[in-house]
Amino acid sequence: MSSITRVPSSLSGANFNQLMDAEKACAAEGSHLASAYDINQNAFLWILGQDDPIVHPWIGLNNRKVQSTYEWSDNWPVTYTNWGEAQPQVNVTDKNCVMLDSDDGHWYNERCEELKPFLCKHSEDEAPSPGPPITGHCPDDTWTSLPGPYCYLVVKDQKDWNDAHSHCMFLDSNLTSIHSDDENALLKHTIQGEKVNIWLGLIQKSSGLGWSDGTPFDYQNWAEGEPSWDYEQCTEFYHEDGKWNDLACSSYRSFICRAVKIPDKEPTNPTVPPLPPTDSPSTGGGLSGGAIFGIVFAVMFAFVAVGFVGMTLLKRKNTNAPVLSTGRSGGVVNLSHISDEKESSVAYITHRDVTDA
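Below is a short write-up of the structure. (Residues numbered from 1 in each chain as written. Predicted model: local features only at pLDDT ≥ 70, side-chain atom pairs only at ≥ 80, totals over all residues. Heavy atoms only, no water.)

1. Some points on the overall build of the protein chain
The following threshold applies: To qualify as a helix, a DSSP run of H or I must reach at least 4 residues; to qualify as a strand, a run of E must reach at least 2; elements of each kind are numbered from the N terminus. Any residue under 20% of the maximum accessible area for its type is buried, any over 50% is exposed, and the rest in between are partly exposed; the area is computed with a 1.4 Å probe on protein chains only. What makes two residues a contact is simply this: any of their non-hydrogen atoms within 4.5 Å.
Helix and strand counts for the protein chain stand at five helices and 17 strands. Taking all 357 residues of the protein chain together, 37% fall into the buried category. Partitioning the contacts of the protein chain with sequence separation of at least 6, the portion at a separation of at least 24 is 69%.

2. Observations concerning the pairing of strand S3 (residues 58-62)
For a regular strand, the rule is simple: side chains alternate between the two faces of the sheet. To be explicit about the condition: The pairing criterion is simple: DSSP has to find at least two bridges between the two strands.
Among the five residues of S3, five are classified as buried, and the element is accordingly described as predominantly covered. In the sheet, S3 pairs with strand S5 (residues 97-100) via two bridges, with the strands oriented antiparallel. Its bridge partner lying in S5, Trp58 is registered against Met99. Judged from the two bridges that link them, S3 and strand S4 (residues 71-72) form a sheet pairing that is antiparallel. Residue pairing in the sheet places Leu61 in a bridge with Trp72 of S4.

3. Comments concerning the nonpolar core
Put simply, the rule reads: Remark: nonpolar core denotes a set of buried residues (Ala, Val, Leu, Ile, Met, Phe, Trp, Tyr, Cys) joined through side-chain atoms within 4.5 Å.
Counting 36 residues, the largest nonpolar core has Leu61, Trp107, Ile178, Leu187, Phe237 and Trp244 as the members making the most contacts within it. Of all the secondary-structure elements, those providing two or more residues to this core are helix H2 (39-48), S3, S5, strand S9 (150-159), helix H4 (181-191), strand S11 (198-205) and strand S12 (208-211). By residue number, the principal contributor to this core is S11, which donates three residues. Judged by nonpolar contacts, the second largest core, of 16 residues, contains Leu153, Val155, Cys168 and Leu175.

Okay, structure coming up:
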């Protein structure tokens, strides 16, 4: 369960706070600057930032520790991003903190020293998994299995970005995305022998930078002076040093598809159920189910027949002293005084037991 506190930043005695002071103020309340792990949580934060004095508030995303990597101040993994147009401003190295725009709900990086209101979030929820499980296998031998949860396929044929993207989608994969220095180094090692630059899945969307596979844009490794974004909305990966460069999407490049590994199925040893009994004759002296049923049926039939004969004989005997139960516990009534003319009335007495006198 999570709770959000809207803070106009008067906690430190000022009307607004720098991000570091805002985080300290939240921590004093047992919380952190707010984080958003999906579109629903971001929409909730956006609603909270609609009214004065909580407009354009700080959220907990920042890259203060490592310039290339964004992370939440509450240490949860980044599973969702919602950057605004031309965001984040990767060439401005001193804009390391992020605010939520109250007008459009998008995120913009700002200088951490700026004074803004902020949103604190207290959560008792468990942190979501940062990615799929790392065990499994690749679709076939043409794919490369690298450490981690993904398989990679190097396609040497050169295509424009859209055709490369479609090619990967046809293979139930996506143009590769990168989310850490380790992943970037693995990709560089994979294509070193190819000596070709490759397409990445990173594109400049109207809502900012984003990966074509829908994963969050939380890592970047641009070459010096890049990106320029002058009619260059797609991204290539340099095979020499693993740096990134923005490029016109109509250009032709080789590419790498990335697919989640197929989970390995654990071997199972199903228990074979016993065979049902058959009606075939037994060779070991035992009786089959059919034979037992026949015997039981015959005994029941004989019992009913004997009872019927007994009742018939009883009616033919002297009826001067029958004994009938009244239905009272343990009580009997001797009807020896009933005359022969009344004998037929005995058959209509409810709760009766006829016994031999």
